[in-house]
Structure formats: structure tokens, C-alpha cells
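# Summary of structural features
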Amino acid sequence: MKILVCISKSPDTTSKISFSDQNTKFDESGVQYIVNPYDEWYALVRALEIKESVGGSVTIITVGTQADDPIIRKALAIGADNAVRVDAQPSDAFYTAKQLSEYAKENAYDLILLGKETINYNGSQVGGMMAQLLDMPFISVASKLEVNGDSLTLESEVPGGIEVYEVLTPCVVSCAKGMAEQRIPNMRGIMAARTKPLSVVSPVDCQNLTSVVSYELPNEKSECKMIDPDNMDQLVDLLHGEAKVI
Amino acid sequence: MILVYINTLNGIGKSSYEAVTYAKKMGDSVVVLTNGNEEESNLSSLGDYGAEKVMIHREITSFESGQICDLISKVAEQHGINTIVFSHDHVSKAVAPMLSTRLSAGLVPGAISLPDSNGHIDVNVFSGKAIAKVSINSDKKIISLLPNSIPLEKNETTCVVEDLSLDLCEAKIKLLSKKELEGDIPLPEAELVVSAGRGLKGPENWGMVEDLAKTMGAATACSRPVSDIGWRPHHEHVGQTGIAIRPNLYIAAGISGAIQHLAGVNGSKVIVVINTDPEAPFFKAADYGIIGDAFEVLPKLNESMKKFMAQNN
Ligand SMILES: Cc1cc2nc3c(=O)[nH]c(=O)nc-3n(C[C@H](O)[C@H](O)[C@H](O)COP(=O)(O)OP(=O)(O)OC[C@H]3O[C@@H](n4cnc5c(N)ncnc54)[C@H](O)[C@@H]3O)c2cc1C
Ligand SMILES: Nc1ncnc2c1ncn2[C@@H]1O[C@H](COP(=O)(O)O)[C@@H](O)[C@H]1O
């Protein structure tokens, strides 16, 4: 099975979030980037497991600049065969999906895996957009994926339960918790990653559909009011009278 | 005219009324599109919030992203619609991006505000640590509203329900089965949430969490390690890698308040933290804090809540 895994970077969750240029740009100084956890823990690891059981290949792709190469090497160290970087700054979800789809189209993958969302923009957009651009079925937020020949069985958590679907390849799947267990790269993987092929391709022309005009930080929380553990009546009063939430 | 698509396969939830309220507040007439087999009398309740018409396609009875996308896009074309509103749920997360591409309509996923005078819409970014103002550059626009972001507003309107027949693309996703899970209130929609973490020491101690939740009519949630070790079901896991919620009230007992946990709950209006450790980071994000043992505090809080409920209902 020929699998493409879309990888994005996201700031390490402990990063301080601040903005520059009159709050129009994310201030990257001092920010550590990691592979977006959904992409790494679930999409990539499940892709590797499928390859290990039925054979095939796992290619990772990212839309990003040269500064993102360390993220790509990290994903290669976990076990992907090769990597592609579309050399562009991802400016909105549609732009990103368009770049990824153009590459995917030329290379006829059986399965395209993504994370359920990036933890910086939390949009859950790129997967559905790719499916539409590639005219493939899209299963979102899958928590299980089994391969049986050219058909897939998938599970997805929906309100009130879990639905089990069947779909034929090729298709696009966004991956959530439950799909696989995180893998820590070992020394051999890290060494091997240095020499694995990373090809850089040029972006195609594409207009954004949306843009971020500016950013804001949420209002500071006011001081936490401490309540005596023996006086829960007081808490209930405050929740009712002051906070007005009950 | 604004088109609101809602998923009614699990009934009509509060978030559907919110989406209609939102569309109505944008100032144009509102029609609703759905699919499945919801009864007419329930569908017409959307008129209470301003919907003039509900169109229902009764042939799509499962979650088939391709067909739902086809349905919405055909209806939008027929009616010359430029603005489509969703509630940000599992259906819209799949369908809205497909539709955005098909209609070349910019999408704002997880909107938390109405468009301002410049048409800019707020969304949470960086796991709730910041807000971005987003502009849609295309004429056609899709907005997917985060649950619990705007207050419901009644707007009594006469609402007609119309069955649609429309040829749709072939279904590519086959629903094999559905496993029902218990759990009464869907977490993303819950206004009140009681949550607990590793401080509760074991699954056998969740009775006091459930009791309090029951008294208040709240949903239950948990921290990640708790669902990872199987003390609680996965769908209760909130945080950066679980689900993000923004209830009116979030009560957290025995949760340290790690940044990845906060990422999923810092949109809550009011946070109450119960922890034995005065240094627990969660107190910094809390509105009300109780330094104490959850095993004692939760039952006491439950008693006080019961008294309050008895007086106020
Ligand atoms: C990439 C990444 C993603 C993550 N995603 C998530 C996520 O989505 N959601 C999430 O929750 N976590 C997530 N985590 C894990 C997170 O960092 C914390 O480890 C986790 O939230 C801690 O859970 P906890 O507070 O239940 O447990 P602990 O950190 O063990 O805290 C237990 C707390 O209970 C208190 N306590 C003990 N006994 C009592 C008592 N009797 N009464 C009252 N209080 C008591 C203790 O003082 C302590 O503060 C993630 C971590 C990483 C690295
Ligand atoms: N710049 C990118 N390059 C490659 N894949 C991406 C990029 N941005 C997002 N993705 C993929 O799309 C998924 C959903 O992202 P989003 O729509 O931004 O929430 C991510 O989990 C990634 O798998």
C-alpha cells in the first residue's frame, strides 16, 4: 500500500504565545517546533504499522520552508521512507491543501493520512479540502483503521457512540487518538533519517480563501478566589449570585 | 438568505439552535437544511430562533460526508446562497472543508463571534491561548460556529418544513455498524462540566463525580492520563489531544492543570479547582479555588448543590 502522510509543525505546547508587527504576526522567536502530535502519533505511526503488515511505502509531505527540515527529519527518524517538502509558507488551509493535493495527484497514493487538526490553528480543514480536490472519499477523526485488500474498515467517534465504516481506497483519512501508540525514535532511526531522501518541490499558484488579519491574547483571568473547603454553600452562592453560571 | 446546515441524526441539540440564532443575527432571512428522519414537529422548533424554512432530505440517514457536501452545495446553488453556517461538530469538521473547496468559499472553522463591521470573525487559535481575527476573501462564505460561543436568542418565526427530493452523488462510505455509548449530555455542548484527574486515585472513586454531575445536570470529563489508563472512556478526555470545550462552568477535581489540559478548557467561562496542593498550576487559571481533599469536598459540594437545586427549581 502506497501511503502519503501529511505532516505539519506546531509550536511545542509550553511555548509562550506572542505576536509582533502590531499583532499581525506570530512571534517565532524562542519558539520550539514539534511535529503536530496528531500527525506524528497517530497518522504516521499507523501508516508505518500498515506498511509493516501489508508492505508498501510511507512518504511524508509538508508544506513549509527550509526552517522546517528538522521536523521532517524527526518524522523520518520514526520510520517514513522518504519525504517531500513543498517549498512555501502555508498561508491558509486551502492553499496548503492545494499544494498537497497537486503532489498527491501526480503520485497516485492508495491512502492519504492526516492528523485530525493542527494544534496551532485547530482548523480541521486540510483533509476535507484535499479529499474534494482529489475527488476521494473523506473519513474524518478516525480512531481505528484496518486494511483488508483495497478496502478499509474505520471507526470514528461521533456523539453518542462509535460508527464503523467501510470504504474503498484511494481515500483520505484524518486520524485521532486510538489509531496508534506514539513511537519514540531510536538511535538507528535518527542516524538513518539523515540520509533518507528529502525532495523539495515548488508550489503551484493558488489564492488564499481566508487570511488572519490580527491576533489577540485573551483577557487575563482575574485573581482566583479561595473558598474554605468546609463552606461549599458559599461556593454555590458565588456560582449563582456572582458568576451567574448556575 | 443564509443557509444553516445542521446535523439532526442525534436529535436537535442546543448547538443547532445556536447556529440558527447566529445566522439570524447576521441580519438576513434564515433557512435550515438537514437530512435524516427527524420529525416535522421537532424541526419546526428551529422557527423559535428565526428559521423561516427547514428543508430535510430524508434519504441520507448516516454520516456520509460526500453526499452531505453534494446536498448542501446543490441547495446553495439552487437558491443562490452566499453564506452557509454550520455548528462546529463532527459533521461540519468533515463536510465544511469539502464544501469550501467545491464552492470556492472561504471557511472560518470554530467561529466564536459574529462578523464585525469589517467582516472579521474571531476564532480560537494556539489551543485557546490566543484569538485570531479572520477575514474571508471570497464572495461565498462558510462559518462553522463553536458550541457555547453565543447566547441563544428567541425570535419566533413561522417555520415551514419541506421534504426535499434531490438526486445526489453516489455514497462512497458504507456505515457497517454503530456502537452506542452511554453518557447523557454530549460534552462539547454541555454548559456545566464536572471533571476529575489522577488525584482521584482509581476508577472506583468516580461515583462522587457522577453524583455531583447528576445533581447539577452536568456532563463528566477527565484528564488524559485517566482515559489513557482506562479509568474513564476516551470520549471524556479533554485537552490539547482530546476535545476542547467551553462550558459556562468547569469544575476540576484532582487535576494539576498542565498546560495541555488547560488548552482544552481555558475557554470555560468559570473554572472551579479542587486540589490538595496549593501550588497546583490549575489555581492560576481558576476563578474559584478550594485547597482540599476531593474525597471530602466533592460530597460536600454535592450536598450544597442539592440544597440549592431544591430551592431554585
Ligand atoms: C503533547 C502532550 C499532550 C497532552 N495532552 C493532554 C490533554 O489533552 N489533556 C490532558 O489532560 N493532559 C494532556 N497531557 C498530559 C498533561 O501534561 C498532564 O500530564 C495531565 O493533564 C495530568 O493529569 P492529571 O492532572 O489528572 O494528573 P496529575 O498531574 O498527576 O495531577 C493530579 C493532581 O491531583 C491532585 N490531588 C492528589 N490527590 C488529591 C485529592 N485527594 N484531592 C484533590 N486533589 C488531589 C494533585 O495535587 C495533582 O495536582 C498531554 C501531554 C503532552 C506531552
Ligand atoms: N503545512 C502543512 N503541511 C502538510 N500537512 C499539513 C500542513 N498543515 C496541515 N497539514 C495536515 O492537515 C491536518 C489538519 O490541519 P488543519 O486543517 O490545519 O487543522 C494536519 O494534522 C496535517 O496532517
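Note that the structure is predicted; figures quoted are calculated from it, not measured.

## Describing unusual backbone geometry
It is generally the case that most residues other than glycine have a negative phi and that most peptide bonds are trans. With an omega dihedral of 0°, the bond running from Thr 169 of chain A to Pro 170 of chain A counts as a cis peptide bond. Within the fold, Pro 170 of chain A resides in the loop between β11 (161–168) and β12 (171–175). In this model, Ser 104 of chain B sits at a positive phi of 50°, which is unusual for a non-glycine residue. Relative to the helices and strands, Ser 104 of chain B is located in the loop between α4 (90–103) and β5 (106–111).

## Notes on the state of the cysteines
Using the criterion set out here, one finds zero disulfides over all chains in the structure. Free of any disulfide, Cys 169 of chain B has its nearest cysteine sulfur in Cys 69 of chain B, 7.8 Å distant.

## Re the environment of Lys 179 of chain B
Along the chain, Lys 179 of chain B turns up in strand β10 (residues 174–180). Residues in contact with Lys 179 of chain B, not counting those within four places in the same chain, are Glu 155, Gly 160, Gly 161, Ile 162 and Val 164 of chain A.

## Some words on the site of ligand 1
Lining the immediate surroundings of ligand 1 are 27 residues, of which Ser 223, Ser 256, Gln 260, His 261 and Asn 275 of chain B lie closest. Positioned at a junction of chains, ligand 1 has nearby residues supplied by chains A and B. Within the backbone of Arg 224 of chain B, a nitrogen or oxygen atom sits 2.9 Å from an oxygen atom of ligand 1. Between Gly 242 of chain B and ligand 1, the recorded distance is 3.5 Å, taken from a backbone N or O atom to an oxygen atom. Contributing elements (two or more residues each) for the shell around ligand 1: α6 (224–228), α7 (259–265) and α8 (294–312) of chain B. Taken together, the residues of the shell around ligand 1 break down into seven nonpolar, 15 polar and five charged.

## Some remarks on the site of ligand 2
All names here are of chain A. Residues in contact with ligand 2 amount to 19 residues; listed here are only the nearest, Cys 6, Asp 39, Thr 118, Ser 124 and Gln 125. A distance of 2.8 Å separates a nitrogen atom of ligand 2 from a polar atom in the backbone of Val 63. The separation between an oxygen atom of ligand 2 and a polar side-chain atom of Thr 118 is 2.8 Å. In the complex, 93% of the free accessible area of ligand 2, which totals 480 Å², lies under the protein chains. If you list the elements that add at least two residues to the shell around ligand 2, you get β6 (57–64), α3 (93–107) and β8 (111–115). Counting residues per element, the shell around ligand 2 draws most heavily on β6, at three residues.

## Considerations on the sheet that holds strand β13 (residues 198–201) of chain A
In spatial order, the strands read β13(A)-β7(A)-β6(A)-β1(A)-β8(A)-β12(A)-β9(A)-β10(A)-β11(A)-β10(B); together these 10 strands make up an open sheet with mixed pairing. Each having just a single partner strand, β13 of chain A together with β10 of chain B make up the two edges of the open sheet. The mean angle between the axes of side-by-side strands here comes to 30°, regardless of whether they run parallel or antiparallel. In terms of strand pairing, β8 of chain A meets β12 of chain A through five bridges, oriented parallel. Bridge pairing links Gly 115 of chain A to Cys 175 of chain A in β12 of chain A. The sheet contacts of helix α1 (residues 37–54) of chain A involve β1 (2–6), β6, β8, β9 (138–148) and β12 of chain A, and relative to β8 of chain A the element is tilted by about 155°. Sheet contacts for α3 of chain A: β1, β6, β7 (82–87), β8 and β13 of chain A; angle to β6 of chain A, the most-contacted strand, approximately 150°.

## Quick notes on the interface of chain A and chain B
Listed by partner, the interface residues are 73 residues for chain A and 81 residues for chain B. Counting each side, the surface lost to burial between chain A and chain B is near 6,900 Å², with a carbon and sulfur contribution of 60%. The largest per-residue losses of area from chain A upon contact with chain B belong to Lys 177, Leu 209 and Lys 221 of chain A, which jointly make up 10% of the total buried on that side. Inspection of the chain A/chain B interface yields eight salt bridges. Inspection of the chain A/chain B interface yields 29 residue pairs in polar contact (both at pLDDT 80 or more). Secondary-structure elements contributing two or more residues to the side of chain A that touches chain B are α1, α4 (126–134), β9, β10 (151–158), β11, β14 (210–216), β15 (225–226) and α6 (232–242) of chain A. Tallied by class, the residues present in the side of chain A that touches chain B amount to 39 nonpolar, 20 polar and 14 charged. As paired elements, β14 of chain A and strand β7 (residues 130–136) of chain B share six bridges and run antiparallel to each other.

## Side note on the packing of aromatic side chains
Applying the stated criterion to the full structure yields 12 aromatic pairs over all chains. Where Tyr 250 of chain B meets Phe 282 of chain B, the ring centres are 6.5 Å apart and the plane angle is 40°; that geometry is what we call tilted. With Tyr 250 of chain B in strand β13 (residues 249–253) and Phe 282 of chain B in the loop between β14 (270–275) and β15 (288–291), the pair connects residues that are 32 residues apart, well separated along the chain. The same class applies to Tyr 250 of chain B and to Phe 282 of chain B, which are both buried. By the ring-pair criterion, three or more aromatic residues cluster together here, those being Phe 19, Phe 26 and Tyr 215 of chain A together with Phe 126 of chain B. The ring of Tyr 109 of chain A has Lys 2 of chain A sitting right over it, with the charged end atom 5.1 Å from the ring centre. The positively charged end of Lys 9 of chain A is found above the aromatic ring belonging to Tyr 33 of chain A, 4.3 Å away from the centroid.

## So, the side chain of Asn 148 of chain B
Residues and elements named next belong to chain B. Examined against the element boundaries, Asn 148 turns out to sit in the loop between β8 (141–145) and β9 (160–163). Separated by 2.3 Å, the side chains of Asn 148 and Lys 14 make a polar contact. If sequence neighbours within four positions are ignored, Asn 148 has contacts with Lys 14, Glu 18, Pro 188, Glu 189, Ala 190, Glu 191, Arg 246, Pro 247 and Lys 269.

## Concerning a nonpolar patch on the surface
On the surface, Met 187, Ile 190 and Met 191 of chain A cluster together into a nonpolar patch covering about 290 Å² of accessible area. Relative to the elements of secondary structure, Ile 190 of chain A occurs in helix α5 (residues 187–195).

## A few points about the pairing of strand β1 (residues 2–5) of chain B
Taken residue by residue, a regular strand's side chains alternate between the two faces of the sheet. Residue and element names in this part refer to chain B. On β1, burial covers both faces: Ile 2 and Val 4 on one face and Leu 3 and Tyr 5 on the other are all buried. Here β1 pairs with strand β2 (residues 30–35) via four bridges, running parallel. In the sheet register, Val 4 faces β2, and the bridge partner there is Val 32. In this view, the connection linking β1 to its parallel neighbour β2 by way of helix α1 (residues 14–25) has right-handed handedness.

## Quick look at the packing of helix α5 (residues 207–216) of chain B against α8 of chain B
All names here are of chain B. Direction vectors running N to C along α5 and α8 enclose 15°, while the axes themselves pass 9 Å from each other. When the interaxial angle is binned, α5 and α8 end up roughly parallel. Here the hand of the crossing between α5 and α8 comes out left-handed. Counted together, Met 208, Val 209, Asp 211, Leu 212, Thr 215 and Met 216 of α5 and Ala 294, Phe 295, Leu 298, Pro 299, Leu 301, Asn 302, Met 305, Lys 306 and Met 309 of α8 form the full contact between these two elements. Taken together, the residues of the contact of α5 with α8 sort by class into 11 nonpolar, two polar and two charged.

What counts, and where the lines are drawn
Residues take numbers from 1 onward in each chain, read along the sequence in its written order. Note on labels: chains are lettered from A, ligands numbered from 1, in written order. Local features in this predicted model are restricted to residues whose pLDDT is 70 or higher, and side-chain atom pairs enter the listing and the counts only when it is 80 or higher, whereas totals over whole chains, interfaces and linings include all residues. Water and hydrogen atoms play no part in the side-chain values, which are based on all heavy atoms of the structure. Under the DSSP-based scheme used, a helix requires at least four consecutive residues in state H or I and a strand at least two consecutive residues in state E, with every element numbered from the N terminus. For this text, the term disulfide refers to a pair of cysteine sulfurs within 2.5 Å. By definition in these notes, contact holds between two residues if any of their heavy atoms fall within 4.5 Å. Near, as used in this document, describes a residue that has one of its heavy atoms within 4 Å of the molecule or strand being considered. Any pair of N or O atoms that falls within 3.5 Å is considered a polar contact. Within protein, one atom must be able to donate a hydrogen and the other to accept it, and sequence-neighbouring residues count only if both atoms are side-chain atoms. Only Asp, Glu, Lys and Arg are considered charged, only Ala, Val, Leu, Ile, Met, Phe, Trp, Tyr, Cys and Pro nonpolar, and every remaining residue, Gly among them, polar. Using a 1.4 Å probe, accessible areas were evaluated by the Shrake-Rupley method; residue-level cover was limited to the displayed protein chains. When DSSP finds two or more bridges between two strands, those strands count as paired. To obtain each axis, a line is fitted to C-alpha atoms, and for helices this fit is confined to the stretch in contact; angles are then taken between N-to-C directions over 0 to 180 degrees. Note: buried area is the sum, over both parts, of the accessible area (probe 1.4 Å) each one loses when the two are combined. Should a side-chain nitrogen of Lys or Arg be within 4 Å of a carboxyl oxygen of Asp or Glu, the pair is scored as a salt bridge. By convention, a stacked pair of Phe, Tyr or Trp rings (six-membered ring in the case of Trp) has centres within 6.5 Å and planes under 30 degrees apart, an edge-to-face pair has planes over 60 apart, and any other such pair is tilted. Relative accessibility under 20% of the residue-type maximum defines a buried residue, over 50% an exposed one, and the middle range a partly exposed one, all with a 1.4 Å probe and only protein chains included. Criterion for a charge above a ring: Lys NZ or Arg CZ within 6 Å of the ring centre, and within 35 degrees of the ring normal. Each patch is built from salt-bridge-free residues with over 30% relative accessible area, joining like charges within 9 Å and nonpolar side chains (Val, Leu, Ile, Met, Phe, Trp, Tyr) within 5 Å. Classification remark: right-handed applies to a crossover when, strands pointing away from the viewer, the course from the first strand over the helix to the second runs clockwise. Oblique is the label for every angle not falling under 35 degrees (roughly parallel), over 145 degrees (roughly antiparallel), or within 65 to 115 degrees (roughly perpendicular). For a crossing to be left-handed, the near helix must be turned anticlockwise from the far one by less than a right angle; the clockwise case is right-handed.

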